[in-house]
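Coordinates in review
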Amino acid sequence: MDTATHVVMGIALGGLATIDPVVAEDPALGQAVLIGTLAGSQAPDFDTVLKLKNNAKYIRNHRGITHSMPAVVLWGLLLTGILHLFYPEVNTLHLWMWTFAAVIFHVFVDVFNAYGTQAYRPFTKRWVAYGFINTFDPYIFYFHVAGIVAWVAGANPAYLWLIIYFILALYYVKRYFDKREMVKLIKENFEDIEQIVTFPTIKQNIWRIVITTPSRYYVGHAENGQITILDEFVNKPINTRDPIVEKALEDHNIKAFLSFSPVYRYDINYHDEYTELRFTDLRYRHNGRYPFVAIVQIDDEHGEDLEILDSYTGWVFSEEKLQDKLSPGES
């Protein structure tokens, strides 16, 4: 989920913690728990600092090891240890329980959107993305905002958040069945389906979809039970026997892109001074373009002595901005 949603969820868990009699009876513990649930609801996204290094590091690691099972345990212990320095008199066990719950809840809600997490590490590095809740869901966010307002106005936080989370649990069930019906409809209209990637939008009745068959990629959307195909591409497997392709696959930006994207196309463009390989993630169609890409430019003028000139991965919304990021393209 987005940062704002994780923040309001942290506040909500701090209120829900008052169902715990130990927390309810100790104001100092209640304060520490609220700080703990707020911090715990943000901690797994600490890997955002990797953006300062480069996009490849960020893409390859965001929601990766920091969302893994060992990391979840360590976040809970670390945050509780820090809080204990400031609140040495409170019940450490109950402080840890609610802080740990906030970290778990953060990772739990992240698996339901299309971006996903590597929540099952160390058992598998597979990205878990169930794809039926948008990264920002206005219903989830504003239910939390309404709950916070009601809490400030004097509502009993324990009962308030139990009711809100019961409603939201039903909402998650509804969205699960919405996706299941859509997938069923797709399977009725397409043959030899290898993969269906769903991408919910903030509108309940509109989904972005990518369908993979042995020969084609179909990119489109589903709206009110009607499927519309917007683009169709040839499903061309990567030719790893091509020396240029083999060299491209060594690049850190390409590796990062391929570790993250479950459905993409790739193209080879030959120029006088270099050959360019472009990988395009098909999930993120925006205004007729696909802005999430990975590109590598390779000097192949010297026979088998190939050299990577430049590469990039990330979001680019125009060709001009993309070429600005690639020095061979500028020359």
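Along every chain, residues carry numbers that run from 1 in the direction the sequence is written. Given that the model is predicted, a residue must reach a pLDDT of at least 70 before its local features are reported, and side-chain atom pairs must reach 80 or more before they are shown or counted; all residues, however, enter totals for whole chains, interfaces and linings. Note that water and hydrogens are dropped before the side-chain values are worked out from all heavy atoms of the structure.

Section: the overall build of the chain
- Per the convention used, a helix needs a DSSP run of H or I reaching at least four residues, while a strand needs a run of E reaching at least two, with both numbered from the N terminus. The helix and strand inventory of the chain stands at 12 helices and eight strands.
- Along the first, second and third principal axes, the C-alpha set of the chain runs to 75 × 45 × 35 Å.
- Only protein chains enter the accessibility calculation, which uses a 1.4 Å probe; a residue is then buried when its area is under 20% of its type maximum, exposed when over 50%, and partly exposed in between. Per-residue burial over the chain gives 48% buried out of 331 residues.
- We call two residues in contact whenever any of their non-hydrogen atoms come within 4.5 Å of each other. Across the chain, contacts joining residues at least 24 apart in sequence account for 53% of those joining residues at least 6 apart.
- In this description, accessible areas are obtained by the Shrake-Rupley approach with a 1.4 Å probe, and a residue is regarded as covered only by the protein chains that are shown. As presented, the chain carries roughly 16,700 Å² of accessible surface, and 59% of it is formed by carbon and sulfur atoms.
- Here the chain contributes 28 positively and 38 negatively charged side chains, and the mean placements of these two sets differ by 5 Å. Counted as positive: Lys and Arg. Counted as negative: Asp and Glu. His and the chain ends are not counted at all. Charge positions come from single atoms, namely NZ of Lys, CZ of Arg, CG of Asp or CD of Glu.

Regarding the packing of helix H5 (residues 69-86) against helix H6 (residues 92-110)
- Fitted lines through C-alpha atoms serve as axes, helices being fitted only where they are in contact, and the angles separating the N-to-C directions of these axes extend from 0 to 180 degrees. Running from amino to carboxyl end, H5 crosses H6 at an angle of 140°, the nearest separation of the two axes being 8 Å. Taken together, H5 and H6 sit at an angle that is classed as oblique. Crossing hand, H5 versus H6: right-handed. Taking contact as the criterion, the partners of Val72, Val73, Trp75, Gly76, Leu77, Leu79, Thr80, Leu83 and His84 in H5 are, on H6, Thr92, Leu95, Trp96, Thr99, Phe100, Val103, Ile104 and Val107.
- The residue makeup of the contact of H5 with H6, split by class, is 12 nonpolar, five polar and no charged. By definition in this entry, angles of less than 35 degrees are roughly parallel, angles greater than 145 are roughly antiparallel, angles of 65 to 115 are roughly perpendicular, and the rest are oblique. By convention, the crossing between two helices is left-handed when the near helix turns anticlockwise from the far helix through less than a right angle, and right-handed when the turn is clockwise. All amino acids are sorted into three groups, where Ala, Val, Leu, Ile, Met, Phe, Trp, Tyr, Cys and Pro are nonpolar, Asp, Glu, Lys and Arg are charged, and the leftover types, Gly among them, are polar.

A closer look at the UniProt feature "transmembrane region" (unreviewed entry) in the chain
- UniProt positions are given in the numbering used here, feature names are shortened, and annotations may be inferred rather than shown by experiment. Those places that UniProt annotates as "transmembrane region" (unreviewed entry) correspond, in this numbering, to residues 69-87, 93-115, 127-152 and 158-177.
- Note that residues 69-87 is 95% helix and 0% strand, and that its end C-alpha atoms are spaced 27 Å apart.
- Counting secondary structure, residues 93-115 comes out at 78% helix and 0% strand; the distance between its end C-alpha atoms is 33 Å.

Digging into the sheet that holds strand S7 (residues 292-299)
- Note on pairing: two strands pair once DSSP finds at least 2 bridges between them. Pairing within the open sheet is antiparallel, and its four strands lie in the order S5-S6-S7-S8. Either end of the sheet is taken by a strand with one partner, and the two such strands are strand S5 (264-270) and strand S8 (307-315). Within the sheet, the average angular offset between the axes of one strand and its neighbour, ignoring direction, is 15°.
- Across the sheet, helix H10 (residues 252-260) is in contact with S5, strand S6 (275-281), S7 and S8; its angle to S7 comes to roughly 150°.

Some thoughts on the packing of aromatic side chains
- Note on ring pairs: Phe, Tyr and Trp rings are taken, using the six-membered ring of Trp, and paired if centres are within 6.5 Å. Classes follow the plane angle, with under 30 degrees stacked, over 60 edge-to-face and the rest tilted. In total, this model carries 30 aromatic pairs according to the counting rule given.
- With a centroid separation of 4.8 Å and an interplanar angle of 65°, the aromatic rings of Tyr284 and Trp315 are classed as edge-to-face. In this pair, Tyr284 is assigned in the loop between S6 and S7 and Trp315 in strand S8, connecting sequence segments 31 residues apart.
- For Tyr284, a relative accessible area of 9% puts it in the buried group.
- For Trp315, a relative accessible area of 44% translates into the label partly exposed.
- Aromatic rings pair up to connect Phe105, Phe108, Phe112, Tyr130, Phe132, Tyr139, Trp161, Tyr165, Tyr171, Tyr172, Tyr176 and Phe177 into one cluster.
- The residue whose ring lies beneath Arg283 is Phe260, and the NZ or CZ to ring-centre distance is 4.7 Å. By definition here, charges over rings are those cases where NZ of Lys or CZ of Arg is within 6 Å of the ring centre and within 35 degrees of the ring normal.

Brief notes about the packing of helix H1 (residues 3-16) against helix H7 (residues 138-152)
- H7 packs onto H1 with a crossing angle of 40° between their chain directions and a minimal axis gap of 9 Å. Considering the angle they form, H1 stands oblique to H7. Crossing handedness for the pair H1 and H7: left-handed. Where H1 approaches H7, its residues Ala4, Thr5, Val8, Met9, Ile11, Ala12, Gly14 and Gly15 are matched on the opposing element by Ile140, Phe141, His144, Val145, Ile148 and Trp151.
- Of the residues that constitute the contact of H1 with H7, the class distribution is 10 nonpolar, four polar and no charged.

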